[in-house]
Amino acid sequence: MDTPLRIPAPAPESHIDAIPSGTWFLHTSPELCMKRLLASGFERIFQICPCWREGERGNLHLPEFTMLEWYRSGSDYRDLMDECESLLTGIAPLAGHGGTICFRGCSINLALPWERITVQEAFTRYAAVSMEEALEGDCFDEVMVTDIEPRLGISRPTFLLDYPAERGALARLREDDPTVAERFELYAGGLELANAFTELTDPVEQRLRFHHEESFRRSMGKSPYPVPEKFLVELSSMPPAAGIALGIDRLIMLLTDAETIDEVVSFTPEEL
Amino acid sequence: MYTVSDLRKGLKLTLDGEPYIVIAFEFSKPGKGQALYRTKMRNMINGTILDRTYRSGETFEPARLEERTMQYLYKEDNNYCFMDNETYEQIAISEDLLGDTRYFLIDNLMVDVLMFGEKPIGVNVPNFVNLRVIQTDPWVKGDTTGSDSKPATVETGYVLRVPPFIEEGELITIDTRTGDYSTRVKG
């Protein structure tokens, strides 16, 4: 699929900022348009496209990067974990890797099954505080970055799954436990490669969550976004589906054992 | 005032009233989470390393540092005395703060003193200084051990390796950046 890169109303997310382009915005991911295509009847779709995020620059971040997104009707986030396994084990040999990938001194074994660990278990195993304490003490992200992420996907790729509900603004909550969002992140060698959800298809709930995220954005003094009305209207006809966003630059970093994202792009912003 | 977007290696800022220099910096953002600015800093007075993680919106006081050219006068107990030749103001700097730099201080040497407000926090000596050798063993002719250097002590008490032909009483040039022997001063 190809969807417009410049859109009038990005999905409001607390910590993702769109770069303005005239009175519209460069998209931060093709998510909203891709879901409208699902709603219009396409069942299995993918897109590789540039995405833009304001202020993101570091060893693993570029304000303009390349994303692969794919969606599948009638499936959930567990199906996408299987597809990630197929994708990576399928392309690793094409990039000259055998059953293992050497990355940052780690020898990552691609043999199935890959590790699947919940966010709660990861806090118990790797952090000094529990997930609940981290949320309560407002240090969830700090603990994630310093204590947990560097330990994920070291000997084999790891799916970190079942995020706290408030950490999945566009994800469906688990039926048996509404405090948990059906969301996962894929890690290899401590590197975050992909983020996936079982998609939320309830337009009323989605509007509430957008409102919540947008309120937070405005309370932080960020520029307001218009509500993506057409998306919310069409969401009511979207079938149950799962979707995933995988960073292509990060994937190439993994396959080429690159130290920084700068090594896998033609020009960094600083070089322009 | 600095913001998190100014953070980079080499930036000098004030934390809890003391000057720090950023020695490592990383932008992080866990999936869908907030931007975090992970910073490793060294205290410019006592060398302590500090790890701090900042969020968007935090601000920092720059470290107001000034370099003053001063002359080394003399040592008293464990303090080294320097004078600003324009204002005649004198300051004392402790041996601890000087570290190995103290070995390169010869009387009347002009140095750059790094000041944090009124407080001296470091001394930069010239890249090369000349010091007299006060002790070294003579070179035994026909030495076949193959050793191409020997220890020598200079007038400040500093011990270094010098070529075998250097004799007691000679003046040698030392590279203060590495602490190594550079050349012999003729005459």
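Cut-off values and rules
- Within every chain, residues take consecutive numbers counted from 1 along the sequence as written.
- Chain letters and ligand numbers both follow the written order, the letters beginning at A and the numbers at 1.
- pLDDT decides what is reported in this predicted model: residues at 70 or higher carry local features, side-chain atom pairs at 80 or more are listed and counted, and totals for whole chains, interfaces and linings draw on all residues regardless.
- Per the convention used, a helix needs a DSSP run of H or I reaching at least four residues, while a strand needs a run of E reaching at least two, with both numbered from the N terminus.
- Counting other C-beta atoms within 10 Å of a residue's own tells you its class, since 20 or more makes it buried, 12 or fewer makes it exposed, and anything in between is partly exposed; those C-beta atoms are placed from the backbone.
- We call two residues in contact whenever the C-beta atoms placed from their backbones are within 7 Å.
- Per the annotation, domain bounds derive from an automatic or database assignment of domains.
- Lys, Arg, Asp and Glu make up the charged group, whereas Ala, Val, Leu, Ile, Met, Phe, Trp, Tyr, Cys and Pro make up the nonpolar group; the residues left over, Gly among them, are polar.
- Whether two strands pair depends on DSSP finding at least two bridges between them.
- Here an angle of 0 to 180 degrees is reported between the N-to-C directions of two axes, which are lines fitted to C-alpha atoms, with helices fitted over the stretch in contact.

Colleague: Residue-level account of the overall build of chain A, with values.
Modeller: Regarding its fold elements, chain A presents eight helices and 13 strands. Projecting the C-alpha coordinates of chain A onto the three principal axes gives extents of approximately 45 × 45 × 40 Å. When the 272 residues of chain A are sorted by exposure, 39% land in the buried category. Look at the contacts in chain A between residues 6 or more apart in sequence, and 66% of them connect residues 24 or more apart.

Colleague: Pulling in residues and values, what's your account of the domain arrangement of chain B?
Modeller: Along its sequence, chain B is carved into domain 1 (2-62), domain 2 (65-124) and domain 3 (128-184). Inter-centroid distance (C-alpha atoms) of domain 1 of chain B to domain 2 of chain B is 29 Å.

Colleague: I'd love a proper account of helix α5 (residues 140-148) of chain A, names of residues and values included.
Modeller: Of the residues making up α5 of chain A, those classed as buried are Phe140, Asp141, Glu142, Val143, Met144 and Ile148 of chain A. The elements touched by buried residues of α5 of chain A are α3 (119-126) and α4 (131-136) of chain A together with β4 (36-43) and β5 (49-55) of chain B.

Colleague: Account for the interface of chain B and chain A, naming residues and giving values.
Modeller: In this assembly, 13 residues from chain B lie in contact with 18 residues from chain A. Sorting the residues of the side of chain B that touches chain A by element identifies β3 (18-28) and β4 of chain B as the ones contributing at least two each. No other element matches β3 of chain B, which puts three residues into the side of chain B that touches chain A. Tallied by class, residues from the side of chain B that touches chain A come to four nonpolar, five polar and four charged.

Colleague: Hey, could you go over the pairing of β3 of chain B for me, with residue numbers and the actual values?
Modeller: Residues and elements named next belong to chain B. Note: strand β2 (residues 12-15) against β3, four bridges, orientation antiparallel. By the bridge assignment for β3, Leu15 is matched with Glu18. Counted between consecutive antiparallel strands, the loop separating β2 from β3 contains two residues, among which Asp16 sits at a positive phi close to 45°. One ladder, built from eight bridges, connects β3 with β4; its direction is antiparallel. Looking across to β4, one finds that Glu26 is bridged to Arg38.

Colleague: Lay out the sheet that holds strand β16 (residues 180-184) of chain B with the relevant residues and their values.
Modeller: All names here are of chain B. Pairing in this open sheet of five strands is antiparallel, and the strands run β14-β13-β12-β15-β16 from one edge to the other. Every other strand in the sheet has two partners, leaving β14 (159-162) and β16 as the edge strands with one partner each. Strand-to-strand twist of the sheet, defined as the mean angle between neighbouring strand axes without regard to direction, takes the value 55°. With four bridges joining them, strand β15 (residues 171-175) and β16 adopt antiparallel strand pairing. Residue pairing for β16: Ile172 is matched across the bridge by Arg184.

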